[in-house]
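Take a look at the letters that make up each chain.
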Amino acid sequence: MNIIVALIAISLSLALFFLGLFIWSLKSGQFDDPFGPAARMLFDEKREIDQYKKNSLPSEMSRL
Amino acid sequence: MNVKVASQLRCYHCGDTITTAQFKQEEKSFCCFGCQTVYQILKENDLCEYYSFDSSPGINNSSTFDVHYDYLDEPTVQSKLLQFNSPNFARVQFAVPAIHCVSCIWLLENLNRIDEGVLLSKVNFGKRTVTIDYNPERIALSKIANRLTSLGYKPVINLQAKQDQHLLTHDKNLILKIAIAGFCFGNIMLFSFPEYFGLGSDEGFLRDTFSYLNILLAIPVLFYSASDYFTAARRAVLQKQINIDVPIAIGLIALFTRSLYDIGFHVGPGYLDSLVGLVFFLLLGRWFQSKTYASLSFDRDYTSYFPLAILTFRDQKWTSVLLSDLQPGDTIRIRNQEIIPADSILESEFALINYSFVTGESTETAVRKGENIFAGGKLIGKPATFIVHKSTSQSHLTSLWNNDIFQKADEQTYQRTIDRTARIFTWIILFIAAASAAYWFVADSSKMWLVLTSVLIIACPCALALSAPFTYGSMLRVFGKYGLYLKNADVVERLSSISTVVFDKTGTLTSGVSDVSFSGELSEEEKHGIALLTAASIHPLSVLISKSISTEASGAIENFEEFVGEGVEGIVNGCFYKIGSAQFVGAIEIQTTALPRVYVSINNEMKGYYSLNTSLRKGVGEMLDRMKNINLSLVSGDGAADKKRLTNLFPKNAELKFNQSVHDKLNHIKGLQQDSAKVMMVGDGLNDSGALKQSDVGLVVTDDTGVFTPASDGIIHGKSISNLDKFIELGKSATFILKLSFIISFIYNSVGLSFAVTGHLTPLVAAILMPLSSISVVAFATASVNYVAYQKRMLL
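One structure accompanies this document, and this report is about it.

Definitions and cut-offs
- Residues numbered from 1 in each chain as written.
- Chains lettered and ligands numbered in written order.
- Predicted model: local features only at pLDDT ≥ 70, side-chain atom pairs only at ≥ 80, totals over all residues.
- Heavy atoms only, no water.
- Phe/Tyr/Trp six-rings, centres within 6.5 Å; stacked < 30°, edge-to-face > 60°.
- Buried < 20%, exposed > 50% of the residue type's maximum accessible area, 1.4 Å probe, protein only.
- Helix = DSSP H or I, 4+ residues; strand = E, 2+ residues; numbered from the N terminus.
- Lys NZ or Arg CZ within 6 Å of the ring centre and 35° of its normal.
- Salt bridge = Lys/Arg side-chain N within 4 Å of Asp/Glu carboxyl O.
- Core = buried A, V, L, I, M, F, W, Y, C linked by side-chain atoms within 4.5 Å.
- Domains from an automatic or database assignment.

### Focus on the packing of aromatic side chains
This model, assessed by the stated rule, comprises 16 aromatic pairs over all chains. Measuring from centroid to centroid gives 5.7 Å for Phe22(A) and Phe31(A), while their planes differ by 50 degrees, and the two rings are tilted. For Phe22(A), a relative accessible area of 27% translates into the label partly exposed. With 5.4 Å between their ring centres and 50 degrees between their planes, Tyr599(B) and Tyr609(B) make a pair best called tilted. Placement of Tyr599(B) in strand 22 (residues 597–602) and of Tyr609(B) in strand 23 (residues 605–616) is noted, with a sequence separation of 10 residues between them. Take Tyr609(B): its relative accessible area is 21%, and that puts it in the partly exposed class. An aromatic cluster is defined as three or more aromatic residues linked by ring pairs; in this entry it consists of Phe185(B), Phe280(B) and Phe281(B). Across from the ring centre of Tyr229(B), 4.6 Å away, lies the NZ or CZ of Arg286(B), which sits over that ring. In this structure, Lys578(B) packs its charged tip against the face of Phe584(B), placed 4.7 Å from the ring centre.

In structure tokens:
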């Protein structure tokens, strides 16, 4: 009997974890543009974004 | 010279048919100078990969004129536009309707390779926007806007853009609510199953665990996901009205309190699965109905058409001044293709004004010094200076917006079928609930509360509430597929009651494209000469003529001269050409129609004239013939030149009005409505905006959904105007399907009520009956809408 209660607790928390993941992905704008990322994948050369992010983003931008 | 081959050549940049061979570079042909320029820019910056994703991905750049973005560098403008601003970092978001393919994304995200100051640009394809991070010390905002324009991606600048953000979060909230309701629904069902299959009496501990977990899971659904229904119901009750939300809110409360009671006193497992499933389905319906066209805007007023800022002479120098700060007495400078933003007086010697915005008539008016010019006119040709004598909001055109119709709140007094039905429904349910409670009070008072809550639970009109969103939502999607984009689902219902359709002429029944025909005789060589001369002129009529002559025009013109407002002259191959107005060429004009004519003489010998005629859109005649049950009428800003052609087109009883001003059009609609007609207005321009707003359904016709359209209930693609009658019939079918769905949900309700009043409503019955009714109504509505649409066989 106790094992069922334990299993329920595990399954529910696992489900809650995925719900949390979904809410995070929604809030962080991953569903805003359904076409763009699929196309962007095909572009070849590096756009040196990481470099740009490291160097030129002012600290205040983190609020955006 | 092979003309046939030339006409089949396609522009390497935009894919349009090439009509002249003037624009060539490295074996690649272009249709116009604009396209070639874009190619050059890309070539210089090693960005020709642009052409590798799609063939001919570019946007035709021939109509792109000089747009002036100097005002973007004004701090007041920037404070409204920039999302973030600091001395060496700024972020701006532009709407770019021209974004249409993978190449567009690629090019716009590589802007930093063309302009160094751009740090990062990111495209949102769904919303057609590009967000640009840049360094204001190294590049001005106006430069970025100019660069986008020169590449063919003209940004649409709207100082109210920040409001759109709000709408977006609203959409996200709905999805969040659905996600939570769906999550809880799934888990509660899981915990409820054992109960339905029968738990042994020795498993009381498990039963309690499941029940309390269910309550925990139902709480966020009731208080977060379903919160909109409670607020809407409360608002309705406070206004002493009953809408569909009232019985839903009553049902939800009955479900929850009854479940708490059942679980608390160990009577049964409660109805929490039904409650949460109900909310989940209702929210799904709301989401389905909220289909919006993110890249279209239905709420534009005149300010979207006017420039945001204007060059004004102040403090001894020319500065950009925001339109709202423009004062009477200011001297302003307007450039080619810019719109005059306020009623003013011409100070330059001469100007050519196109009033097509205001009147719908697409011919130019010549204006001389000292004459009055109305706001909304577009300057063609050389820059000119004007003196403002009325502020923008007081101008002739914009005074329309002071009309009552524009002051009214957007929510109309229109009574939706669903709310009418809901009111009757609610009273019936309350009556049945009271009657059965009274009966059981006498017969077996211990069962009274049980029966009362059971009635309220089963009567919760979930299926009823779902019929409208799914019927109209599906119809909205069908319409969208065939080029009619409606503002929201309510418009479908209003569409079904239309009894009168009023058309505008220019741009609505006729397309912007003109037929050019020559009356007289011309040899190939002479045509060639005319094509060369007209290609050298920027006048819109010249452009039309040179486009209509499909010949490989290249050669030299000597002594070329353009006389503004009159015509052009020049020598080609030793022949002296004069092309222009009758007076200029020296012809005797026989004015039979108001259609513009362009006369041609070669070596001072009259050759004939080009006449320009706007062509009717395809299928318009047949469409008007099919609209037998609907009163038709026409209001046109143009003169009666086309009257004969249009009289043949319309049925005999149709009312055709010409020379109608903006206000006349509005009053025509008002007049029809006073005779209790439900009026649909189909128009295209700013000059129809009053009528569009006044009508019950206002549709705007456009050939390019990327361009500005005035405020309306829907946008219809020019190609689809011939389907208009079918759209109206489909709207009627939708209302019929809605009524059938009501009947289905009533049948389910009666079955459920028979369980409830007799006191036999168990949680299991509720858990089966309620989702079943919802799903069958949704399936019926969606399937039948798609079926009737398929039956119509619409053309596109």
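### Things to note about the pattern of salt bridges
Residue and element names in this part refer to chain B. The final tally for this structure, using the stated rule, is 13 salt bridges over all chains. A salt bridge links Arg91 to Asp133; the nearest nitrogen and oxygen atoms lie 2.8 Å apart. Of this pair, Arg91 sits in strand 4 (residues 89–95) while Asp133 sits in strand 6 (residues 129–134); the two residues are 42 residues apart in sequence, bridging distant segments of the chain. Like Asp133, Arg91 is buried. Through salt bridges that share partners, Lys177, Asp228 and Arg286 make up one connected network.

### Brief notes about the nonpolar core
Residue and element names in this part refer to chain B. With 118 residues, the main nonpolar core has Val501, Phe503, Phe650, Met680 and Leu724 as its most contacted residues. Looking at this core element by element, the count peaks at 11 residues for helix 16 (residues 462–481). Among the domains, domain 3 (167–293 + 413–471 + 751–792) and domain 5 (479–510 + 617–732) are the pair contributing at least three residues each to this core. If you look at the next biggest cluster of nonpolar residues, it comprises 54 residues, including Cys35, Trp106, Val118 and Leu148.

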